[in-house]
Structures are given as structure tokens and as C-alpha cells.
Amino acid sequence: MELDRIDGRILSALQKNARLSNKELAAELGIAASTCLQRVRRLTEAGVLRRFQARVDPKALGIGLQAMVALQLKRHDRNTVLAFRAHVLALKEVVAAYHMAGRNDFLLHVAVRDSDHLREMALSAFSSRQEVAHLETSLIYEHAQSPELPSYLL
């Protein structure tokens, strides 16, 4: 899909604040509300805009610790990878799962109550799995994320 400057500005504004009404978004961009609505619908139908979501403070939910868990599998066949992927995505503590190339096969972002919860998860959900050869856990001190895609894309 070809994106022009206005499409880029729409994406940038919505990444910063997805709660903007169509009227507010159109006013911020200096375009007619009908034009804005048409463009947002087109971006949504094309799959460029996939969803709108709220960011929740982990501490407010009792999450006191986050970590990255790097895992190496014993085998790399399709069935093993797909089964392990399904397993980790079913765990409520897994925030994100990345199937990787390189030394590690999976990198998991997990959110837990405390270090005891992390230890129990590592033992029961990962180390006990026959397909796991090695795991390494790194604590996350701070999680910061850019609110938008790199500007060179827009």
C-alpha cells in the first residue's frame, strides 16, 4: 500500500494517542473530518492499522518483576517449534514471544509477581519441558518503548 504524508501523520498521531476522536484527529492534521475518516478506514482495511490498545501499568496489577528468558531447543523441526510456541503463548505470564535466529531459539518477555514466581515459572514451564536444552534469564530493570514506528517509514 502506498502511504503519503497525510497517512504518515495519521499513523503517527494515532500511535501517540489512539483515543483521538476522528474530529480531533482531523483538526490536528488540518484536514476535513470526512477525509480523515475515509483515510483511517482505508488504513484499517489494508491492515496497516491492526488494533487500538490501552497500556496498563504492570505494578497496578501486582507485577513486580519482568524478565527476558532466552531458550535453546534440543531440536528445531517444525513440530517441535510450533508446539513450544503454542505452549509459551498459552502462559499468562508471557507478554511477548520471539522466535529467533542465532544462538537462542526463543526470547520471551515475562511478567511475574516476584523472584519466587519467576523461579517457579522457569522450573515448571520451561526447564521441565523435554524440548528445552538451555535457558537463561535476564531481569528487566526498566521497560521503555517508543510510542511510534521509526519516522523514516512514514
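Visitor: Requested: an account of the overall build of the protein chain, with residues and values cited.
Guide: A tally of helices and strands in the protein chain yields five helices and four strands. Each helix and strand of the protein chain, ordered N terminal to C terminal, gives the series α-α-α-β-α-β-β-α-β. By residue count, 32% of the 154 residues in the protein chain fall in the buried class. Once local pairs closer than 6 in sequence are excluded, the contacts in the protein chain between residues at least 24 apart make up 66%. As displayed, the protein chain offers around 10700 Å² of accessible surface, 50% of which is attributable to carbon and sulfur atoms. Here the protein chain contributes 21 positively and 17 negatively charged side chains, and the mean placements of these two sets differ by 3 Å.

Visitor: Help me get a handle on helix H2 (residues 22–29), residues and values and all.
Guide: Within H2, the full set of buried residues consists of Leu25, Ala26 and Leu29. Projected down its long axis, H2 shows its buried positions confined to an angular sector of 95°, all on one face. Projecting away from the buried face of H2 at angles above 90 degrees are the exposed residues Lys23 and Ala27. Contacts made by the buried residues of H2 are with helix H1 (5–16) and helix H3 (33–45).

Visitor: Any details on the packing of H1 against H2? Residues and values, ideally.
Guide: Viewed as axis vectors pointing N to C, H1 and H2 meet at an angle of 125°, and their least axial separation amounts to 11 Å. Classified by the angle their axes make, H1 and H2 are oblique. For H1 against H2, the interelement crossing comes out right-handed. For the pair H1 and H2, contact is made by Arg9, Ile10, Ala13 and Leu14 and by Leu25, Glu28 and Leu29, respectively. For the contact of H1 with H2, the per-class residue count stands at five nonpolar, no polar and two charged.

Visitor: Which residues make up the environment of Ile10, and what values go with them?
Guide: With respect to the secondary-structure elements, Ile10 resides in helix H1. A relative accessible area of 0% means that Ile10 is categorised as buried. The contacts of Ile10, once residues within four sequence positions are left out, are Leu25, Leu29, Arg39, Val40 and Leu43.

Visitor: Lay out the packing of H1 against H3 with the relevant residues and their values.
Guide: Angle between the axes and distance between the axes are the two parameters that describe a pair of packed helices. In the contact formed by H1 and H3, the axes pass within 11 Å of each other and the chain directions differ by 80°. Comparing the axis directions of H1 and H3 gives the class roughly perpendicular. In contact with Ile6, Asp7, Ile10, Leu11 and Leu14 of H1, H3 contributes Arg39, Val40, Arg42 and Leu43. Each residue belonging to the contact of H1 with H3 can be placed in one class, and the counts come to six nonpolar, no polar and three charged.

Reading guide: rules and limits
Residues numbered from 1 in each chain as written. Predicted model: local features only at pLDDT ≥ 70, side-chain atom pairs only at ≥ 80, totals over all residues. Heavy atoms only, no water. Helix = DSSP H or I, 4+ residues; strand = E, 2+ residues; numbered from the N terminus. Buried < 20%, exposed > 50% of the residue type's maximum accessible area, 1.4 Å probe, protein only. Contact = heavy atoms within 4.5 Å. Areas by Shrake-Rupley, 256 points an atom, 1.4 Å probe, with all protein chains shown as cover. Lys, Arg positive; Asp, Glu negative; His and termini not counted. Charge placed at Lys NZ, Arg CZ, Asp CG, Glu CD. Arc of directions from axis to C-beta. Axes fitted to C-alpha atoms, helices over the stretch in contact; angles between N-to-C directions. Parallel < 35°, antiparallel > 145°, perpendicular 65-115°, else oblique. Left-handed = near helix turned anticlockwise from the far one by under 90°. Nonpolar A, V, L, I, M, F, W, Y, C, P; charged D, E, K, R; others polar.

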